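# Structural characterization, general
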Amino acid sequence: MPHGDGPARLRVAGVSRRYKRSGGSEVVALDSADFEARAGELVLIMGPSGSGKSTLLSILGLLDPPDGGQVFLNGDDVTSASEDARAKLRRTHLGFLFQDAGLIDRKPILDNTALPLIYRGVPRKERENRAQAALEAVGLADRMHHAPGELSGGERQRAGLARAIVCDPDILICDEPTAALDAATAQDVARRISEMKERGASVILATHDRDLMPLADRIYEMRHGRITETGAAR
Ligand SMILES: Nc1ncnc2c1ncn2[C@@H]1O[C@H](COP(=O)(O)OP(=O)(O)OP(=O)(O)O)[C@@H](O)[C@H]1O
Ligand SMILES: [Mg+2]
């Protein structure tokens, strides 16, 4: 798909999300946010801790419906899609790297990485080959038979990335993909993520890492649940 044409891959309009805190008070984690990501675009969401980045990502990733506003996937309004329908859309379109990597502790990272391929009905041998290739791509070839608990925080984060990219998703959403990494490893991860964009994926990253800014086609800034587009570094 040519860049910039047609509907955005993923768009939200006026989305809000409130959380109830124990004790009864309410937090407005997202306040009427507008956001879009197009095919072949790398989009950064920046902003201080607690500003609402992960909250927005969980709505963009169709994990959590908003309290108000609308969510569009390839131009279709999916705001009120059922839990099942959202799960299906996630499996078809999305790769997600959670802030805590979200790996299953009991399983080696090879099995963790292959998991999304099971949901897509990929045969066993091909699952293994693709999971292996994804782990190699993030520099974990020699760790693939280890369980997440036997890895460092940065290695877990990279395993989470391998799992997010193994299906070659058309939307890749990563929450702080480089947070636990040294500068050299962060650069490798950034390169791998940029490749996804070159292949036409929409890549959405929440990050504090200013080194990622030169890669961005679009940058949003979040403050206290409000989002503004601040342009791009290039
Ligand atoms: N499950 C929850 N229950 C209550 N409040 C929540 C919950 N999740 C998040 N919040 C609150 O919503 C606000 C936004 O949180 P969010 O996790 O989206 O921030 P963030 O920008 O991702 O921060 P960080 O950079 O630390 O990851 C914060 O004030 C947070 O305390
Ligand atoms: Mg967060």
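First, a word on what this report is: a plain description of the structure on this page.

## A closer look at the overall build of the protein
The helix and strand tally for the protein stands at six helices and 10 strands. For 234 residues, the compact-globule estimate of 2.2 N^0.38 gives 17 Å, and the C-alpha radius of gyration of the protein, at 17 Å, lies within 12% of that figure. Each principal axis of the C-alpha distribution contributes one length, and for the protein these read about 50 × 45 × 40 Å. Classification of the 234 residues of the protein by burial places 41% in the buried group. Contacts spanning at least 24 positions in sequence make up 68% of the contacts within the protein whose residues lie at least 6 apart.

## Some points on the site of ligand 1
Neighbouring residues of ligand 1: 13 residues in total, closest Tyr-19, Ala-29, Ser-49, Ser-54 and Thr-55. Counting residues per element, the ones that place at least two in the shell around ligand 1 are β2 (26-37) and α1 (53-60). No other element matches α1, which puts three residues into the shell around ligand 1. Residues of the shell around ligand 1, tallied by class, amount to three nonpolar, eight polar and two charged.

## Describing the sheet that holds β2
The strands making up a sheet are joined through hydrogen bonds of the backbone, oriented either antiparallel or parallel. An order of β2-β1-β4-β5 is seen for the four strands of this open sheet, with the pairing classed as antiparallel. If you trace the sheet from one side to the other, it starts and ends with β2 and β5 (76-77), each paired once. Two strands pair when backbone bridges link them, and strand β1 (residues 10-20) and β2 are joined in this way by eight bridges, in the antiparallel orientation. In the sheet register, Leu-10 faces β2, and the bridge partner there is Ala-37. Relative to β1, α1 is tilted by about 125 degrees, and along the sheet it contacts β1, β2 and β4 (68-73).

## Observations regarding helix α3 (residues 109-119)
Residues of α3 that are buried include every one of Ile-109, Leu-110, Asn-112, Thr-113, Ala-114, Pro-116 and Leu-117, and no others. Gly-121 sits one or two positions beyond α3 and adopts a positive phi of about 75 degrees.

## Observations regarding the nonpolar core
Nonpolar side chains in soluble globular proteins tend to end up buried together. Judged by nonpolar contacts, the single largest core of 62 residues is most densely connected at Ile-45, Leu-135, Ala-162, Leu-172, Ile-173 and Val-203. Sequence-distant contacts of Leu-135, defined by excluding residues within four places in its chain, comprise Ile-109, Leu-110, Thr-113, Leu-140, Ala-141, Met-144 and Ala-162.

## A word on the sheet that holds strand β8 (residues 202-206)
With mixed pairing, six strands are arranged side by side in an open sheet as β6-β7-β8-β3-β9-β10. Unpaired on one side and paired on the other, β6 (94-97) and β10 (226-231) mark the two borders of the sheet. With strand direction ignored, the average angle separating the axes of adjacent strands in the sheet is 15 degrees. As defined by bridge partners, strand β3 (residues 42-46) adjoins β8 across four bridges and the pair is classed as parallel. In the strand pairing of β8, Val-43 is matched with Ile-204.

## Observations concerning the packing of α3 against helix α4 (residues 124-137)
Running from N to C, α3 and α4 cross one another at 120 degrees; their axes reach a closest spacing of 9 Å. Considered as vectors, α3 and α4 are oriented oblique to each other. As for how α3 packs across α4, the hand of that crossing is right-handed. Across the interface between the two elements, Ile-109, Leu-110, Thr-113, Ala-114, Leu-117 and Ile-118 from α3 touch Arg-127, Glu-128, Arg-130, Ala-131, Gln-132, Ala-134 and Leu-135 from α4. Within the contact of α3 with α4, the residues separate by chemical class into eight nonpolar, two polar and three charged.

## Considerations on the packing of α3 against helix α5 (residues 153-165)
Between α3 and α5, the least distance of the axes is 7 Å, while the angle of their chain directions is 30 degrees. One way to sum up the angle between α3 and α5 is to call them roughly parallel. Here α3 and α5 pass one another in a crossing that is right-handed. Only Ala-159, Ala-162 and Arg-163 of α5 make contact with α3, whose side of the interface consists of Ile-109, Asn-112, Thr-113, Leu-115 and Pro-116.

Basis of the calculations
Residues numbered from 1 in each chain as written. Chains lettered and ligands numbered in written order. Predicted model: local features only at pLDDT ≥ 70, side-chain atom pairs only at ≥ 80, totals over all residues. Helix = DSSP H or I, 4+ residues; strand = E, 2+ residues; numbered from the N terminus. Rg over C-alpha atoms; globule rule 2.2 N^0.38 Å. Buried ≥ 20, exposed ≤ 12 C-beta atoms within 10 Å, placed from the backbone. Contact = placed C-beta atoms within 7 Å. Near = placed C-beta within 6 Å. Nonpolar A, V, L, I, M, F, W, Y, C, P; charged D, E, K, R; others polar. Pairing = 2+ DSSP bridges. Axes fitted to C-alpha atoms, helices over the stretch in contact; angles between N-to-C directions. Core = buried A, V, L, I, M, F, W, Y, C linked by C-beta atoms within 7 Å. Parallel < 35°, antiparallel > 145°, perpendicular 65-115°, else oblique. Left-handed = near helix turned anticlockwise from the far one by under 90°.

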